[in-house]
Amino acid sequence: MELHGIEVRRVALPLVAPFRTSLGRQTVRTALLLRAQTTLGEGWGECVAEDDPSYCAEYLDGALDVMRRFLLPALGGELGAYAVAERLAPIKGHPMAKAAVEMAVLDAQLRGTGLSFGGFLGAVRSAVPAGVSVGIMDRIPELLEAVAGYLAQGYLRIKLKIEPGWDVEPVRAVRERFGDIDLQVDANTAYQLRDARHLAKLDPFDLLLIEQPLPEDDLLGHAALVRSIRTPICLDESITSARAAAHAIALGATSVVNIKPGRVGGYLEARRIHDVCVAHGVPVWAGGMLETGLGRAANVALAALPGFALPGDTSASDRYYARDVTAPFTLVDGHVRVPEGPGLGVAPDQDFLDEITIATDWLPAGRQR
Ligand code: NPQ
Ligand code: MG
């Protein structure tokens, strides 16, 4: 097939409640939604970069710029989904921008051939267990109320965002109130290795894991931490490729891996990380970046692969949004169904999409003359 170009919309979706992490506080999700136009038909992609380079180096305006100036110009002529990453490899970095472009091309190809994302990736489940990520709050009672609400909705695992000053006490409070639930924490790089003794205070609470306590590039620090605390370490930000995953495992820097396609340059690389981890007996789970229904559909399909051994941040749409751009993903017995139709198996509501669109750009594929 050939890619004619990609229509990129910048959209803004208000969150149902502010979401605070050690990186900052969000009240609105801004994202880029991509519609690829190909000789096989159209396909949808989603770029998960945030407005600011806080979770990682990428940011939304930068992602749009690199797509326009470098990525799309490299995608002229005959093209399949597997060729996208290869063509884009000479352009360094920008995995979130690349992942979005690859996702849109892959969706067009799969819709054109009648295969679902799950079918293509190797899904072995028709529904995936859902966890929920709970932001940092001002007070413990507010946190307990939020967790109680999510448990009542059926979420099978709770993840608390932590930072220095909001770690042992909230974990203790949630354990005391809710008992033996599946519980884990995510620090988004907020600690240093010198905090090891402090982090060991989480050990008595039998957490499933602590996610990314140390900086992204501190693999040796994580390896030392693995040896000094009992709670399993799970890397998120550090896992930027299948090679990085293999290195982290070889170094003993991680016991579990969070897989986010945006962070690693796409769903194909995400599947390779899954394969590397399975080969090493390392459990994986699906991360989330507050995706709309488009990215959520693909994440849920990925989470249905056999190595996904823990519930993901694959929450229902209403965890974040009063209204999603697609038919909402819902929770049934704590699980989210894997879409079965061709490609993503979901499509945006065009009128709602227009309502939330701030700007639209047409990026033609290939070198323009
Ligand atoms: C994580 N996600 O696992 C990320 C971090 C994160 C669900 O905890 C806007 C867009 C705000 C993406 C805040 C979850 C965000 C974001 C946090 C991602 O580390
Ligand atoms: Mg994380």
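As the structure is a prediction and not an experimental result, all values here were calculated from the model.

Turning our eyes to something else, we now look at the pairing of strand 2 (residues 24–38). In the sheet, strand 1 (residues 3–21) pairs with strand 2 via 14 bridges, with the strands oriented antiparallel. Within the sheet, the bridge partner assigned to Ile6 lies in strand 2 and is Ala36. From the end of strand 1 to the start of strand 2, which pair antiparallel, there are two residues. Relative to strand 3 (residues 41–47), strand 2 runs antiparallel, the two being bridged by seven bridges.

Below, the discussion takes up the domain arrangement of the protein chain. Partitioning the protein chain into structural domains gives domain 1 (3–113 + 349–364) and domain 2 (119–337). Averaged C-alpha coordinates put domain 1 and domain 2 at centres separated by 23 Å. Counting from both sides, the interface comprises 30 residues of domain 1 and, opposite them, 40 residues of domain 2. Carbon and sulfur atoms make up 66% of the area that domain 1 and domain 2 hide from each other, which totals about 3200 Å². When residues of domain 1 are sorted by the area they lose upon contact with domain 2, Phe19, Arg20 and Tyr55 head the list and together hold 23% of the total. Between the two partners, domain 1 and domain 2, sit three salt bridges. Close ionic contact of Arg323 with Asp349 constitutes a salt bridge, the shortest N to O distance being 3.4 Å. Taken together, domain 1 and domain 2 are joined by 16 residue pairs in polar contact (both at pLDDT 80 or more). Counting only elements with at least two residues in the side of domain 1 that touches domain 2, the list comes to strand 1, strand 2, strand 3, helix 2 (81–88), helix 3 (95–113) and helix 13 (350–356).

Thresholds, definitions, all that
- Residues numbered from 1 in each chain as written.
- Chains lettered and ligands numbered in written order.
- Predicted model: local features only at pLDDT ≥ 70, side-chain atom pairs only at ≥ 80, totals over all residues.
- Heavy atoms only, no water.
- Pairing = 2+ DSSP bridges.
- Helix = DSSP H or I, 4+ residues; strand = E, 2+ residues; numbered from the N terminus.
- Domains from an automatic or database assignment.
- Contact = heavy atoms within 4.5 Å.
- Buried area = accessible area lost by both parts, 1.4 Å probe.
- Salt bridge = Lys/Arg side-chain N within 4 Å of Asp/Glu carboxyl O.
- Polar contact = N/O pair within 3.5 Å; in protein donor to acceptor, adjacent residues only side chain to side chain.

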